[in-house]
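# What the coordinates show
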Amino acid sequence: MQNVGVVGCGLMGAGIAEVSARSGSDVVVVESSDAAAAAGRGRLEKSLSRAEAKGKIDSAADVLARIRVVTSLEDLIDRDLVIEAIVEDEDAKVSLFKELDRIVASPDAILASNTSSIPIMKLGVATTRPQNVIGIHFFNPVPVLPLVELVPSLLTAPEVTARARAFVEGRLDKQAIDCQDRAGFVVNALLIPFVLSAIRMFESGYATAEDIDRGLVMGAAHPQGPLALADLIGLDTTKAVAESLYEEFKEPLYAAPPLLNRMVDAGLLGRKTGRGFYTY
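Sequence order as written defines the numbering, with residues in each chain counted from 1. Owing to the predicted nature of the model, reporting of local features is limited to residues with pLDDT of at least 70; listing and counting of side-chain atom pairs is limited to 80 or more, with chain, interface and lining totals taken over all residues. Side-chain measures were taken over the full set of non-hydrogen atoms in the model, leaving aside hydrogen atoms and water.

### As for the layout of surface pockets
Of the voids in this model, the second largest pocket is the one considered here, and its volume is about 240 Å³. The way it works is a 1 Å grid over only the protein atoms, where trapped points that fit a 1.4 Å probe form a cavity and open points with protein on both sides within 12 Å along at least five of seven lines form a pocket, and then any residue with an atom within 4 Å of a point lines it. Together, E88, D89, E90, I118, P119, K122, A183, A240, E243, S244, E247 and E248 line the second largest pocket. Under the scheme used here, helices are H or I runs from DSSP no shorter than 4 residues and strands are E runs no shorter than 2 residues, and both carry numbers assigned from the N terminus. When residues of the lining of the second largest pocket are assigned to their parent elements, the largest contribution, five residues, is made by helix α10 (residues 235-249). Residues are grouped as follows: Ala, Val, Leu, Ile, Met, Phe, Trp, Tyr, Cys and Pro are nonpolar; Asp, Glu, Lys and Arg are charged; every other residue, Gly included, is polar. Looking at side-chain class alone, the lining of the second largest pocket contains four nonpolar, one polar and seven charged residues. Grid points are joined across faces, edges and corners, and a volume is the space filled by probe spheres set on the points.

### Some points on helix α9 (residues 226-233)
Accessibility here uses a 1.4 Å probe with only protein chains present; expressed as a share of the type maximum, an area under 20% marks a residue as buried, one over 50% as exposed, and anything in between as partly exposed. Most of α9 sits out of view: six of its eight residues are buried. Of the residues making up α9, those classed as buried are P226, L227, A228, L229, A230 and D231. In this structure, the buried side of α9 is in contact with α7 (187-203), α8 (209-220) and α10. The first or second residue beyond α9 is G234, which carries a positive phi of 105 degrees. In this analysis, two residues are considered to be in contact whenever any of their non-hydrogen atoms come within 4.5 Å of each other.

### Re the sheet that holds strand β5 (residues 110-113)
Paired strands, in this sense, are two strands between which DSSP finds at least two bridges. What the eight strands build is an open sheet, ordered β3-β2-β1-β4-β5-β6-β7-β8; its pairing is mixed. With partners counted over all chains shown, the strands left at the sheet margins are β3 (67-70) and β8 (175-178), one partner each. Averaged over neighbouring strand pairs, the angle between their axes works out to 25 degrees when direction is ignored. With five bridges connecting them, strand β1 (residues 3-7) and strand β2 (residues 26-30) associate as parallel partners. Paired with V6 across the bridge in β2 is V29. Every axis in this analysis is a line fitted to C-alpha atoms, fitted for helices over the stretch in contact. Angles between the N-to-C directions lie between 0 and 180 degrees. Relative to strand β7 (residues 147-152), helix α6 (residues 158-171) is tilted by about 170 degrees, and along the sheet it contacts β1, β4 (81-84), β5, β6 (133-137), β7 and β8.

Rendered as structure tokens:
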């Protein structure tokens, strides 16, 4: 796993690239345009500068030297592991995995997805090597949170899961948990209904956003309230995960509340747009 590829350099992709490079891997990150690549590079520089200032790494420059941000998927040809971290959209991810299958040369290369909820099987069967496809799901912020969900499909080879675990735990020094290939995996299958319940509470006028969040922080020792957490996750991502869960299980608790749908339609996506349940 010396040569790592990451597709997408948003919050999640940049975090995955950062922790991979900090572990000593050579990292190629692919973005969709020159402007997106420049923004991704800036995101990496800012995060690594903070890590250096806090004494978590010796040199931000040394880590950055192991990362290339490019705009062509063809640059992933020599990668041992490619982790997809693009928009949470099934069609977009399936299309990408078809391209990765064509481009990545090594028959032993692992093609992984950082999806929050889309079944890994759907991504695996889009390739000619579903035995090499696995979910490796990180949590935001990636450099800080220690958990990674490993999600093999029914067709993922056991040795691929073992190699993914060795990368996550041995190289990245994170903690992995095993998950079945079901929408939401472990964390989001528990977390998203909780967040949706808070949105419904706010929508129906039970309490203000501030009081809902303060109640969970001060009364239940949560590090962050559910509405602030939704803003951090991104309301579009929260909605996408909810829809995936509802599609699979058809349980009302997974259905996106009308307010969430309207906020996404309005572009009020949380921290990344400057406004969600709070203004940033």
